[in-house]
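Architecture and fold: a report
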Amino acid sequence: PVSKTVLPQAQVVRAERVQIGISWACALCDLDLYAQAMPGAPVLYFGRTVTTHGRYWKDYRNSPQPTNGFETIGFDVPLDLRTLTIAVNFYEGEAPQGISGEVRLSVDGHTYASTFHISATTGNKGRSVLEAMESGSANQPQSIIINPLRVLGL
């Protein structure tokens, strides 16, 4: 369930048991989740499933909604959510109106949710996503950077 409790500032700065998940409605579209624990850390995604910070758990190639699933990344170390970078890329498929989804952020058992929208109508096979994350802004219509503090409602 989604929490209505405001996350205390102390947990924002030192968040434990952090998990990020995405789900989307386009049945034949593939979105990919990317997350970087802090600047300079290796990015977790389908191409790098384990780092010293965490693990990429599940890669869905079609919408996970029919199974109530989420493409998921989990972190094994405490994080400062102010420096966590989250990105979503429209990897493959066609969506004439763009593609919408939900991102969930779980911190120490409290789950927060927010929606996102990617305006692109076709995927780009993940081109330039890692570069977009390093710059802090999506430089293409197929990728978006999600602010974890916005997901928390802060």
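See above for the structure.
Let me sum up the structure you'll find in this document. These numbers were taken from a predicted model, which means no experiment stands behind them.

Side note on the overall build of the protein
Regarding its fold elements, the protein presents 3 helices and 9 strands. The helix and strand sequence of the protein, counted from the amino end, reads α-β-β-β-β-β-β-β-β-α-β-α. On the principal axes, the C-alpha backbone points of the protein span a range of 40 × 35 × 25 Å. Taken across its 154 residues, the protein has 48% of its residues classed as buried. In the protein, once contacts between residues fewer than 6 apart in sequence are set aside, the share between residues at least 24 apart is 69%. Carbon and sulfur atoms provide 50% of the accessible area of the protein, an area that totals close to 7600 Å².

Observations regarding the sheet that holds strand E2 (residues 30-36)
The 4 strands are arranged E3-E2-E6-E9 in an open sheet whose pairing can be described as antiparallel. On the outer flanks of this sheet lie strand E3 (43-44) and strand E9 (143-146), each paired with one strand and no other. Judged from the 7 bridges that link them, E2 and strand E6 (residues 85-92) form a sheet pairing that is antiparallel. If you follow Gln36 over to E6, its bridge partner there is Thr85.

Topic: the packing of aromatic side chains
Applying the stated criterion across every chain yields a total of 4 aromatic pairs. Both rings, one in Tyr34 and one in Tyr45, keep their centres 5.0 Å apart while their planes meet at 15 degrees; by these two values the pair is stacked. Placement of Tyr34 in strand E2 and of Tyr45 in the loop between E3 and strand E4 (54-58) is noted, with a sequence separation of 11 residues between them. On the basis of an interplanar angle of 75 degrees and a centroid distance of 6.4 Å, the ring pair of Tyr34 and Phe46 is categorised as edge-to-face. You can see Tyr34 sitting in strand E2 and its partner Phe46 sitting in the loop between E3 and E4, a full 12 residues away along the chain. On the accessibility criterion, Tyr34 (2% relative accessible area) is buried. Members of the aromatic cluster, connected to one another through ring pairs, are Tyr34, Tyr45, Phe46 and Tyr91. Its guanidinium or amino end placed over the ring of Tyr60, Lys58 lies 5.0 Å from that ring's centre, counting from NZ or CZ.

What to know about the pattern of salt bridges
The final tally for this structure, using the stated rule, is 5 salt bridges. One salt bridge in this structure joins Arg14 and Glu16, with 3.7 Å as the shortest N-O distance.

Some details on the pairing of strand E8 (residues 110-118)
Residues in a regular strand point their side chains to alternate faces of the sheet. In this sheet, E8 lies alongside strand E7 (residues 99-107) in antiparallel orientation, the contact comprising 9 bridges. Looking across to E8, one finds that Val107 is bridged to His110. Between the antiparallel neighbours E7 and E8 lie 2 residues, among them Asp108 with a positive phi of about 50 degrees.

What about the side chain of Ser3?
Here Ser3 is to be found in the segment before helix H1 (9-13). For Ser3, the side chain forms a polar contact with the main-chain nitrogen of Thr5, separated by 3.1 Å. Setting aside its immediate chain neighbours within four residues, Ser3 contacts His110, Thr111 and Tyr112.

The rules behind the values
Residues numbered from 1 in each chain as written. Predicted model: local features only at pLDDT ≥ 70, side-chain atom pairs only at ≥ 80, totals over all residues. Heavy atoms only, no water. Helix = DSSP H or I, 4+ residues; strand = E, 2+ residues; numbered from the N terminus. Buried < 20%, exposed > 50% of the residue type's maximum accessible area, 1.4 Å probe, protein only. Contact = heavy atoms within 4.5 Å. Areas by Shrake-Rupley, 256 points an atom, 1.4 Å probe, with all protein chains shown as cover. Pairing = 2+ DSSP bridges. Phe/Tyr/Trp six-rings, centres within 6.5 Å; stacked < 30°, edge-to-face > 60°. Lys NZ or Arg CZ within 6 Å of the ring centre and 35° of its normal. Salt bridge = Lys/Arg side-chain N within 4 Å of Asp/Glu carboxyl O. Polar contact = N/O pair within 3.5 Å; in protein donor to acceptor, adjacent residues only side chain to side chain.

Coordinates in, geometry out; function isn't part of it.
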